[in-house]
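So the chains spell out like this:
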Amino acid sequence: MAILEIEQKSVNKEKWKKWWSLETKIETLAALISAPIVIAFWDYPLTLPLFSCFVALWCFGKIFFQREKWALLSILALFFLYRGLVGLLT
């Protein structure tokens with residue numbers, strides 16, 4: 001019984017280490033920096049286009065870490081980049 005509990009704890013630690021990888025640290029830091037800025041400046045006309053460009057860059061960066069999902073992430077990145085650039089240019 002004790003061996004099973006120790007194995008369970010080691011499996012949980014491995015899951016935590018895998019989840020808390022470099023990718024997750026970068027995403028968490030980006031969310032902590034961008035969320036208050038977006039909330040504070042939401043009423044300004046450039047906020048949504050800049051946020052869309054930020055999401056596009058996030059999608060392009062995510063392709064590096066999750067190569068098997070490159071098609072969906074590319075479509076999302078292009079959509080948000082288009083949306084952001086149209087918002088910035090109009």
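Chains are numbered independently. Their residues run from 1 in the order of the written sequence. Whole-chain, interface and lining totals are the exception, using all residues; otherwise, since this is a predicted model, local features are given only for residues with pLDDT of at least 70 and side-chain atom pairs are given and counted only at 80 or more. Hydrogens and water are ignored here; the side-chain numbers use all heavy atoms of the structure.

## A closer look at the side chain of T47
Then, number 1: Relative to the helices and strands, T47 is located in helix α3 (residues 47-65).
Then, number 2: Here's how the labels work: a residue is buried when its accessible area is under 20% of the maximum for its type, exposed when over 50%, partly exposed in between, all with a 1.4 Å probe on protein chains only. The class for T47 is buried, based on a relative accessible area of 11%.
Then, number 3: A polar side-chain atom of T47 sits 2.3 Å from the main-chain carbonyl oxygen of F41.
Then, number 4: Here a residue-residue contact requires only that any non-hydrogen atoms of the pair lie within 4.5 Å. Once residues lying within four places of it in the same chain are set aside, the contact partners of T47 are V38, F41 and W42. Put simply, DSSP marks the helices as runs of H or I at least four residues long and the strands as runs of E at least two long, and each gets a number from the N terminus on. The term polar contact refers here to a pair of N or O atoms within 3.5 Å; inside protein, the definition further demands a hydrogen-donor-capable atom paired with an acceptor-capable atom, and it admits residues adjacent in sequence only when both atoms are side-chain atoms.

## Some details on the packing of aromatic side chains
Then, number 1: Working definition: rings of Phe, Tyr and Trp (its six-membered ring) pair if their centres are within 6.5 Å, and the pair is stacked with planes under 30 degrees apart, edge-to-face with planes over 60 apart, and tilted otherwise. A full pass over the atoms with the stated rule returns two aromatic pairs.
Then, number 2: The interplanar angle of 50° and the centroid separation of 5.6 Å between the aromatic rings of F41 and Y44 together place this pair among those described as tilted.
Then, number 3: Geometrically, the ring pair formed by F79 and F80 is edge-to-face, given 5.2 Å between the ring centres and 70° between the ring planes.
Then, number 4: Judged by its relative accessible area of 44%, F79 is partly exposed.

## As for the pattern of salt bridges
For side chains of opposite charge, pairing can occur when their charged atoms come near one another.
Then, number 1: Basic side-chain nitrogens of Lys or Arg form a salt bridge, by our definition, when they fall within 4 Å of a carboxyl oxygen of Asp or Glu. For the structure on display, the rule yields one salt bridge.
Then, number 2: Measuring nitrogen to oxygen at the nearest pair gives 2.6 Å for the salt bridge that ties E27 to K62. Residue E27 is located in helix α2 (residues 22-40), and its partner K62 is located in helix α3; the two are separated by 35 residues in the primary sequence.
Then, number 3: A residue is classified by how much of its surface remains accessible, and E27, at 25% relative accessible area, is partly exposed.

## So, the nonpolar core
Then, number 1: Nonpolar core, defined: a set of buried Ala, Val, Leu, Ile, Met, Phe, Trp, Tyr and Cys residues in which side-chain atoms within 4.5 Å join the residues together. Membership of the largest hydrophobic core is limited to five residues, which are V55, A56, C59, A77 and F80.
Then, number 2: The set of elements that each furnish at least two residues to this core consists of α3 and α4 (70-89).
Then, number 3: Sorting elements by how many residues they give to this core places α3 first, with three residues.
Then, number 4: Look past the residues within four positions of C59 in its chain and what remains in contact with it is L73, L76 and A77.

Treat this as a map of the structure, not an account of what it does.
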